[in-house]
Amino acid sequence: MQQHPHTSRRRTGRLAGLTAALAAVVGLSTLTGPGAHAADNPYERGPAPTESSIEALRGPYAVSDISVSRLSATGFGGGTIYYPTTTADGTFGAIAISPGFTALESSISWLGPRLASQGFVVFTIDTLTTVDQPDSRGDQLLAALDYLTQRSSVRGRVDSSRLGVMGHSMGGGGSLEAAKDRPSLQAAIPLTPWNLDKTWPEVRTPTLIFGADGDTIAPVSSHAEPFYGNLPSSLDRAYLELNNATHFTPNSSNTTIAKYSISWLKRFIDNDTRYEQFLCPLPRPSLTIEESRGNCPHTS
């Protein structure tokens, strides 16, 4: 039967409209690809990273801070909480950071806003006394995380299942102690760490250790290197030795420490594989990196 020309045109028009609608849906899904990836990983925060974004002094998030009095703290010496001001992205992973022997919070405070602006809640702490040993500093890092997630005024912004620790010198040794004592931690980053304990077979937390080639207080040959070497070989672990650096290099703003710390925390606290590209393959020796070791690709 011959179709009426008007009927044919109507059907053709409907087919054209359907085709256009399908094209629009396909186009929309292409445009929202990163969003779809974010839906696959609910912990992903912030735009896709670049070399310049992880080296920047500040990331994409505006940051505020809250001072925590020593008098209101239990099990540690108070400190400062740095946090993204937005609530639009949901909760964030969190990190507690300890200073080293005889040092105050101010010695590691530069890490607070730098890490928080990349999408973390960061607690830089003072210790109970400046001469506390690594095992005590490990306990204090855990006490600070407990305060952050249970009592702090920003506890609603923190995902208590996504926590990490960092520390300098004896605080770095303390971050290993904390990881040993609380296997649920998602990341640990000891900075030119010092500890009398050289073996860490109990650690189950992905760990990035920074050493310094010119460190005479915690020489890498007797601290950072054996710490790394005595972590379980199956663990996601890395060792990065800073070139032309000293024990106190982590006490000042440092791009190399920041970029690889951000990448490690994003990769293991946020499960954000977009940052794997900055960790694997391992960084090559350069003006700022003496050497690096690690197991790539990561499996956690």
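Because the structure is a prediction, the values reported are computed rather than measured.

Quick notes on the rules
Residues numbered from 1 in each chain as written. Predicted model: local features only at pLDDT ≥ 70, side-chain atom pairs only at ≥ 80, totals over all residues. Heavy atoms only, no water. Buried < 20%, exposed > 50% of the residue type's maximum accessible area, 1.4 Å probe, protein only. Helix = DSSP H or I, 4+ residues; strand = E, 2+ residues; numbered from the N terminus. Pairing = 2+ DSSP bridges. Right-handed = clockwise from strand over helix to strand, strands pointing away. Axes fitted to C-alpha atoms, helices over the stretch in contact; angles between N-to-C directions. Contact = heavy atoms within 4.5 Å. Core = buried A, V, L, I, M, F, W, Y, C linked by side-chain atoms within 4.5 Å.

Asks: Help me out: how do you make sense of the pairing of strand S3 (residues 92-98) in this one?
Replies: Moving residue by residue along a regular strand, the side chains alternate between the two faces of the sheet. S3 sits mainly inside the fold: seven of its seven residues count as buried. One ladder, built from six bridges, connects S3 with strand S5 (residues 158-168); its direction is parallel. Bridged to Ile 97 within S5 is Met 166. Here S3 runs beside strand S4 (residues 120-125); their pairing, made up of five bridges, is parallel. Bridge pairing in S4 places Ala 96 opposite Phe 123. For the segment spanning S3, helix H4 (residues 111-116) and S4, crossover handedness is right-handed.

Asks: Would you mind showing me how to read the sheet that holds strand S8 (residues 237-242) here?
Replies: Sheet strands pair via backbone hydrogen bonds, and the direction of the pair is either parallel or antiparallel. Judged by pairing direction, the sheet is mixed, and its nine strands sit side by side in the order S1-S2-S4-S3-S5-S6-S7-S8-S9 without closing on themselves. In the strand order of this sheet, the two ends are held by strand S1 (63-68) and strand S9 (289-294), each with one partner. When the angles between neighbouring strand axes are averaged without regard to direction, this sheet yields 15°. Inspection of the sheet shows S5 paired to strand S6 (residues 187-191) by five bridges, in the parallel sense. Counted as the bridge partner of Met 166 is Ile 189 from S6. Strands in contact with helix H5 (residues 134-150) are S1, strand S2 (79-84), S3, S4 and S5; relative to S5, the strand with the most contacts, it is inclined by about 150°. The strands that helix H8 (residues 255-269) touches are S3, S4, S5, S6, strand S7 (207-212), S8 and S9; relative to S6, the one it contacts most, it runs at about 160°.

Asks: Where do I start with the nonpolar core in this structure?
Replies: Side chains that are nonpolar tend, in soluble globular proteins, to be buried together. Among the nonpolar cores identified, the biggest contains 38 residues, and Phe 76, Ile 81, Val 121, Phe 123 and Leu 148 are the most heavily contacted of them. Going through the elements one at a time, S2, S3, S4, H5, S5, helix H6 (170-181) and helix H7 (224-229) are the ones with two or more residues in this core. Tallying contributions element by element places H5 first for this core, with seven residues. Among all residues touching Leu 148, those that are not within four sequence positions of it are Ile 81, Ala 94, Val 121, Phe 123, Val 154, Arg 155 and Val 158. One finds Ile 95, Ile 108, Ala 245 and Trp 264 within the second-largest nonpolar core, a separate group that totals 34 residues.

Asks: Teacher, can you tell me more about the pairing of S8 here?
Replies: Counting buried residues in S8 gives six out of six residues, a clear majority hidden from the surface. Taking every second residue as pointing to the same face, both faces of S8 are buried, with Arg 237, Tyr 239 and Glu 241 on one and Ala 238, Leu 240 and Leu 242 on the other. When S7 meets S8, the two strands line up parallel, connected through six bridges. If you follow Thr 207 over to S8, its bridge partner there is Arg 237. Following the backbone out of S7, through H7 and into the adjacent parallel S8, one traces a crossover that is right-handed.

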